[in-house]
Amino acid sequence: MTRVSAEGEQMPVTSGGEPFPAPRSGLVGTVQRLYALEPVRFVLVGGFNSVFAYLVFAGLQATLKDHVHYLVVLVVSTVIGILEAYLLQRWITFRATGHWWADLARFSSVYAVAFVVNLGTLPLLVEVFNVPVLAAQAVIMVATAVGTYVAHRAFSFRRT
């Protein structure tokens, strides 16, 4: 998102309309300019979210695999991952304010679709194609990342 300065220059702004600080030159300036781009923030936060959610899944699977089916582990790890992802995506990526519960409902609905895809695809990969559970989950997570960004930008955190 951008707006025009008094000098007629395009300036990046947050989703709330506040301008970012003027970037510096050199490496710091390059990092600031990249961080000002919402898709870059989404990739960074999404990468962290994916690692976090995968580690929760892997930890629960390693701990509970003899007592709980991997699809139950998927449900529990998904709930934990969605809450963590919501907080970081809202705060860092989209810089959203207000509408906390409505945004959470929309955010969760986007992940509900991704979860249904995951729920159908994981057993297919594991049971039919004999892919190990952790490898199958990693593939699915990467495949759904792009779709969730588009949906969150257009739906979860949209502002009129």
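**Side note on the overall build of the protein chain**
Then step 1. Across its full length, the protein chain holds five helices and two strands.
Then step 2. Helices and strands appear in the protein chain in the N-to-C order β-β-α-α-α-α-α.
Then step 3. Here the protein chain holds 160 residues, and 36% of them are scored as buried.
Then step 4. Here the contacts in the protein chain between residues at least 6 apart in sequence split such that 58% fall between residues at least 24 apart.
Then step 5. In the structure as shown, the protein chain presents an accessible area of about 9,600 Å², 72% of it carried by carbon and sulfur atoms.

**Quick notes on the layout of surface pockets**
One water molecule sets the probe size; rolling that probe over the atoms shows where empty space is left.
Then step 1. Of the voids in this model, the largest pocket is the one considered here, and its volume is about 530 Å³.
Then step 2. Together, 29 residues line the largest pocket, and Ser-50, Ala-53, Tyr-111, Met-141 and Thr-144 are the ones closest to its centre.
Then step 3. At the level of secondary structure, the elements contributing two or more residues to the lining of the largest pocket comprise α2 (38–64), α3 (70–93), α4 (100–128) and α5 (133–156).
Then step 4. Here the lining of the largest pocket takes nine residues from α2, the largest share from any one element.
Then step 5. Across the lining of the largest pocket, the residue classes tally to 16 nonpolar, 12 polar and one charged.

**Remarks on a nonpolar patch on the surface**
Then step 1. Together, Val-72, Val-76 and Ile-80 make up an exposed nonpolar region whose accessible area comes to about 220 Å².
Then step 2. Mapping Val-76 onto the fold places it in helix α3.

**Structural notes on α2**
Owing to its 3.6 residues per turn, the α-helix brings residues three or four apart onto one side.
Then step 1. If you check α2, its first and last C-alpha atoms are 37 Å apart, about what 27 residues at 1.5 Å a residue would give, namely 39 Å.
Then step 2. Within α2 the residues assigned to the buried category are Glu-38, Arg-41, Phe-42, Val-45, Gly-46, Asn-49, Ala-53, Val-56, Phe-57, Ala-58 and Gln-61.
Then step 3. As for α2, its buried residues are in contact with α1 (26–35), α3 and α5.

**A short note on the packing of α2 against α5**
Then step 1. Running from N to C, α2 and α5 cross one another at 145°; their axes reach a closest spacing of 10 Å. Seen along the crossing, α2 lies across α5 with a hand that is right-handed. In this structure, α2 contributes Glu-38, Pro-39, Phe-42, Ser-50, Ala-53, Tyr-54, Phe-57 and Ala-58 to the contact, and α5 contributes Val-133, Leu-134, Ala-135, Gln-137, Ala-138, Met-141, Ala-145, Thr-148, Tyr-149, His-152 and Arg-153.
Then step 2. Tallied by class, the residues present in the contact of α2 with α5 amount to 13 nonpolar, four polar and two charged.

About the cut-offs
Residues numbered from 1 in each chain as written. Predicted model: local features only at pLDDT ≥ 70, side-chain atom pairs only at ≥ 80, totals over all residues. Heavy atoms only, no water. Helix = DSSP H or I, 4+ residues; strand = E, 2+ residues; numbered from the N terminus. Buried < 20%, exposed > 50% of the residue type's maximum accessible area, 1.4 Å probe, protein only. Contact = heavy atoms within 4.5 Å. Areas by Shrake-Rupley, 256 points an atom, 1.4 Å probe, with all protein chains shown as cover. 1 Å grid on protein atoms, 1.4 Å probe; cavity = no way out; pocket = protein on both sides within 12 Å on 5 of 7 lines; lining within 4 Å. Points joined across faces, edges and corners; volume = space filled by probe spheres on them. Nonpolar A, V, L, I, M, F, W, Y, C, P; charged D, E, K, R; others polar. Patch = residues over 30% accessible without salt bridge, like charges linked within 9 Å, V, L, I, M, F, W, Y side chains within 5 Å. Salt bridge = Lys/Arg side-chain N within 4 Å of Asp/Glu carboxyl O. Expected span 1.5 Å × (residues − 1). Axes fitted to C-alpha atoms, helices over the stretch in contact; angles between N-to-C directions. Left-handed = near helix turned anticlockwise from the far one by under 90°.

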